[in-house]
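What follows is each chain in one-letter form.
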Amino acid sequence: MPVKVAVTGAAGRMGKLIVKNVVEDEELELAQAFDVREVGRDAGELAGVGSVGVPIIHASELESKLNADVLVDFTAADAAVENICIAAKKGVKLVVGTTGFTDEHWKRIKECCSVPAVISPNFSVGVNVFWEIIKKCAELLGSYDLEVLEIHHRFKKDAPSGTALKAVEILKEVVGERKVVMGRNGICPREDEIGVFAIRGGDVVGEHTVFFIGMGERIEITHRAWSRQAFAGGAIKAVKWISKVEEPGIYGMKDVLGL
Ligand SMILES: NC(=O)c1ccc[n+]([C@@H]2O[C@H](COP(=O)([O-])OP(=O)(O)OC[C@H]3O[C@@H](n4cnc5c(N)ncnc54)[C@H](O)[C@@H]3O)[C@@H](O)[C@H]2O)c1
């Protein structure tokens, strides 16, 4: 029996790619598609894979209509929190790629997420390995100055990226609590801090660099994604993995990939 997948944000950049990947995968079945735009349009047609007989349903009907094994959410932070709570209430497992959650959002997610869920700010296999590498590098070069730079397309709403914030979290886990400085302006001598910079422009899919800077040398570790398929492929792996998990909880791609 194929895993029945519903998608929220099905008319978005990532949502359309998830629809395409689900439709093209024999182990999965596109059960439903939700968005607040393009309502009534065929989700497959929107995704460029031809009509699949699954019309986009308005997201306001998620609570009354959701019927799937796994809900994949790539929307926006406020919307995703609502969608997570609705899916959990209905016993539908989750794969969530949406970023930009505040501490308040996380509090609600943890309260209501009573189903198995993979929530990751980056589903690419490469970025998950990048996180492991920067952890190792921080263990070896923790006394160096640490800086994080990310570059994304001009349409990205949140900054810095969830991936950059996760990188900062990993660095702090290794080197201890440090002040995080989001960009610099004016008189700002460097203290024991981690600087974070966000560049926005064009159609850059997603690039992240962590700098380990010492006196007379530096190491730069960079991950570049040039196709959203890097994220979609990982999200599909997560859908298949979570469909077999029975223990409720919030899992990461690290669990999916066994890193
Ligand atoms: N985790 C990852 O690997 C990864 C990769 C890329 C993007 N993202 C994140 O995924 C999110 C979406 O990115 P995008 O580039 O596809 O954005 P997008 O703006 O192209 O798509 C978002 C879609 O969500 C829809 N939407 C808004 N509110 C909704 C609701 N309540 N219910 C259902 N649909 C709703 C919008 O109409 C839009 O079609 C962002 O937070 C982005 O940072 C994560």
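Quick caveat: nothing in here was measured; it's all calculated off a predicted structure.

**Regarding the state of the cysteines**
Right, on to step 1. If you walk through the whole model with that rule in mind, you get 1 disulfide.
Right, on to step 2. What pairs with Cys85 in a disulfide is Cys112, and their sulfur atoms sit 2.2 Å apart. Taking the sign of the S-S torsion, about -80° here, the bridge from Cys85 to Cys112 comes out left-handed. Separated by 27 residues along the polypeptide, Cys85 in helix α4 (residues 77-89) and Cys112 in helix α5 (residues 103-112) bring together distant segments of the chain.
Right, on to step 3. Take Cys85: its relative accessible area is 13%, and that puts it in the buried class.

**Brief notes about the packing of aromatic side chains**
Right, on to step 1. In the structure shown here, the tally under the stated rule is 3 aromatic pairs.
Right, on to step 2. Note on Phe74 and Phe123: the rings are 6.0 Å apart at their centroids and 55° apart in plane angle, and the pair reads as tilted. Of this pair, Phe74 sits in the loop between β4 (70-73) and α4 while Phe123 sits in the loop between β6 (116-119) and α6 (125-141), and the two are 49 residues apart along the sequence.
Right, on to step 3. Owing to a relative accessible area of 14%, Phe74 belongs among the buried residues under this scheme.
Right, on to step 4. Residue classification places Phe123 among the buried residues on the basis of a relative accessible area of 2%.
Right, on to step 5. Pairing Phe101 with Trp106 gives two aromatic rings, centres 5.4 Å apart and planes at 75°, and the pair type is edge-to-face.
Right, on to step 6. Overall, Trp106 belongs to the partly exposed group, its relative accessible area being 27%.

What counts as what
Residues numbered from 1 in each chain as written. Predicted model: local features only at pLDDT ≥ 70, side-chain atom pairs only at ≥ 80, totals over all residues. Heavy atoms only, no water. Disulfide = S-S within 2.5 Å. Helix = DSSP H or I, 4+ residues; strand = E, 2+ residues; numbered from the N terminus. Buried < 20%, exposed > 50% of the residue type's maximum accessible area, 1.4 Å probe, protein only. Phe/Tyr/Trp six-rings, centres within 6.5 Å; stacked < 30°, edge-to-face > 60°.

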